[in-house]
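The primary structure of each chain is shown beneath.
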Amino acid sequence: MLTIVLTWVGAVLGLTLLVAMAAGTFVVDVDEALRERRRRSPEPVPDQAHPAG
């Protein structure tokens, strides 16, 4: 019984780690794409925290 429980705990932890690693690469790719889009923008994007005026 203990072996079965430990096996399932290990499987769940392994899958959680796998999903976290995949999500991390996805976030990095999206961030890089947004940075490239911002860099190629013909006009500067105003800072939303400090609007001009």
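The structure we're discussing is the one just above.
Because the structure is predicted, anything quoted here is derived from the model rather than measured.

## Structural notes on the pattern of salt bridges
Thought 1: Considering all chains together, one arrives at 3 salt bridges under this definition.
Thought 2: Among the ionic pairs, Glu36 bridges to Arg40, the shortest N-O distance being 3.7 Å. With a gap of 4 residues between them, Glu36 and Arg40 both fall in helix α1 (residues 2–40), about one helical turn apart.
Thought 3: Using a relative accessible area of 65% as the deciding quantity, one classes Arg40 as exposed.
Thought 4: A single salt-bridge network, built from bridges that share partners, covers Glu36, Arg39 and Arg40.

## Quick notes on α1
In an α-helix, one turn spans 3.6 residues; hence positions three or four apart end up facing the same way.
Thought 1: If you check α1, its first and last C-alpha atoms are 57 Å apart, about what 39 residues at 1.5 Å a residue would give, namely 57 Å.
Thought 2: Burial within α1 is sparse, with just 0 of its 39 residues counted as buried.

Rules used throughout
- Counting restarts for each chain, with residues numbered from 1 along the sequence as it is written.
- The predicted nature of this model means local features are confined to residues of pLDDT at least 70 and side-chain atom pairs, given and counted, to a pLDDT of 80 or more, with totals for whole chains, interfaces and linings taken over all residues.
- Only hydrogens and water are set aside when side-chain values are computed; all heavy atoms of the structure are taken into account.
- Note on definitions: salt bridges are taken to be side-chain nitrogens of Lys or Arg within 4 Å of carboxyl oxygens of Asp or Glu.
- Labels follow the DSSP assignment, with helices taken as runs of H or I lasting at least four residues and strands as runs of E lasting at least two, numbered in each case from the N terminus.
- Exposure categories follow from relative accessible area, calculated using a 1.4 Å probe and restricted to protein chains: below 20% of the type maximum is buried, above 50% is exposed, and the middle band is partly exposed.
- Here a helix's expected span is defined as the number of its residues, less one, multiplied by 1.5 Å.

Nothing here speaks to function; it is all geometry.
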